[in-house]
Amino acid sequence: IRMKDIYIVLSQTRSIISRIIRFATGDPYTHASICFGEDAGVMYSFGRLFPHNPLWGGFVRESASFGTMLRFRDAEVAALRISVDDGEYERIRGYVLEMYSRRRQYGYNYIGLIFAKFGILYRWQNHYYCSEFLKELLEKFGIVSEGELSEIARPAEFLKLRRGKLVYRGKLCRFAAEQLAGPGNSRQLPGMR
């Protein structure tokens, strides 16, 4: 069976909102994205639509080379690699790309994010915050079993995924550069000690 890699990329951008979330939770990472091995450091998540405006969010593509994460290319990140078979990979990637093609139908779950701080789950149709989206995506495709993540998952929780292997810790720009080295890259990334 041919295997391919998906990555869960956790980040701490040091933006004002990120610092507030880190202060409130004590977690080292405040944002989570998914990246596909063949897509050269391009990540998908729910976040800001515009780099300097944290109050308007939605489903976004992110990279150290463009968009909001260009502004935060020196963000501290941790990347987990999850190896999946070719069929799983294509189904997950196809689903995410289809969502992205309809991105105007999705919004950011600001209310859910605020309620999450108080341990209250608040669902809003077609609206997500980053870790809510990733949890639902990974459960939908059986990458994580139900109950493996908390009902209200926080980005740092993804570090404990059973199928995930921590392969990188360091600056986002270095992770992205390593992704550019080639599709299906499954070797250990730099930055690990």
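The structure displayed is predicted, hence computed values, not measured ones. Sequence order as written defines residue numbering, which begins from 1 separately in each chain. The predicted nature of this model means local features are confined to residues of pLDDT at least 70 and side-chain atom pairs, given and counted, to a pLDDT of 80 or more, with totals for whole chains, interfaces and linings taken over all residues. Values shown for side chains rest on all heavy atoms present in the structure; no hydrogens or waters enter the calculation.

(A) Inspection of unusual backbone geometry at higher detail. Look at asparagine 126: it is not a glycine, yet its phi comes out positive at around 65 degrees. Tracing the backbone shows asparagine 126 in the loop between α4 (110–117) and β7 (127–128). Note on exposure labels: buried denotes an accessible area under 20% of the residue type's maximum, exposed denotes more than 50%, and partly exposed covers the range between, all computed with a 1.4 Å probe on protein chains only. On the basis of relative accessibility, which here comes to 31%, the residue asparagine 126 falls in the partly exposed class. In this description a helix means any DSSP run of H or I spanning at least four residues, a strand means any run of E spanning at least two, and both kinds are numbered starting from the N terminus.

(B) Summary view of the pairing of strand β3 (residues 43–50). Counting buried residues in β3 gives 6 out of 8 residues, a clear majority hidden from the surface. One requirement defines pairing of two strands: DSSP has to find at least two bridges between them. The turn linking strand β2 (residues 31–36) back onto β3 is made up of 6 residues, and alanine 40 within it adopts a positive phi angle of 50 degrees.

(C) Broad picture of helix α5 (residues 130–140). Burial runs high along α5: 8 of the 11 residues are buried. Listing the buried residues of α5 in full gives Cys130, Ser131, Glu132, Phe133, Leu134, Lys135, Leu137 and Leu138. Of the residues one or two after α5, glycine 142 is the one with positive phi, at around 70 degrees.

(D) Local environment of the layout of surface pockets. Buriedness of a pocket was judged along seven lines, with at least five required to meet protein on both sides within 12 Å; pockets are open sets of points on a 1 Å grid over the protein atoms alone, cavities are sets where a 1.4 Å probe fits but cannot get out, and lining residues have an atom within 4 Å of a point. Grid points are joined across faces, edges and corners, and a volume is the space filled by probe spheres set on the points. In this structure, the second largest pocket encloses a volume near 170 Å³. As for the second largest pocket, its lining consists of Leu49, Gly57, Gly58, Phe59, Val60, Arg61, Tyr100, Arg103, Arg104 and Tyr106. For the lining of the second largest pocket, the element with the most residues is strand β4 (residues 53–62), which contributes 5 residues. Its residues assigned to classes, the lining of the second largest pocket comprises 5 nonpolar, 2 polar and 3 charged. When residue character is reported, Ala, Val, Leu, Ile, Met, Phe, Trp, Tyr, Cys and Pro are called nonpolar, Asp, Glu, Lys and Arg charged, and the others, Gly included, polar.

(E) The packing of helix α3 (residues 86–101) against α5, seen in detail. Between α3 and α5, whose axes approach to 11 Å, the crossing angle comes to 140 degrees. On the basis of the axis angle, α3 is oblique to α5. Crossing of α3 over α5 shows right-handed handedness. Of the residues in α5, those touching α3 at Ile92, Tyr95, Val96 and Met99 are Phe133, Leu137 and Lys140. Of the residues in the contact of α3 with α5, the class split is 6 nonpolar, no polar and 1 charged. Axes here refer to lines fitted to C-alpha atoms; in helices the fit is confined to the stretch in contact. Angles between the N-to-C directions go from 0 to 180 degrees. The labels follow the angle: roughly parallel below 35 degrees, roughly antiparallel above 145, roughly perpendicular from 65 to 115, and oblique for the rest. Two helices that cross are described as forming a left-handed crossing if the nearer one is turned anticlockwise from the farther one by less than a right angle, and a right-handed crossing if clockwise. Throughout, a residue-residue contact means that at least one pair of heavy atoms, one from each residue, lies within 4.5 Å.

(F) Spatial organisation of the nonpolar core. Membership of the largest hydrophobic core comes to 37 residues, with the highest contact counts inside it found for Ile8, Ile34, Phe59 and Phe133. Where this core is concerned, the elements lending two or more residues are β1 (3–12), β2, β3, β5 (76–85), α3 and α5. Apart from the residues lying within four places of it in its own chain, the contact partners of isoleucine 34 are Ile6, Tyr7, Ile8, Val42, Met43, Tyr44, Ile92, Phe133, Leu134 and Leu137. Only buried residues count toward a nonpolar core. Its members are Ala, Val, Leu, Ile, Met, Phe, Trp, Tyr and Cys residues joined through side-chain atoms within 4.5 Å. Within the second largest apolar cluster, 15 residues are counted, among which are Met69, Ala75, Tyr168 and Leu172.

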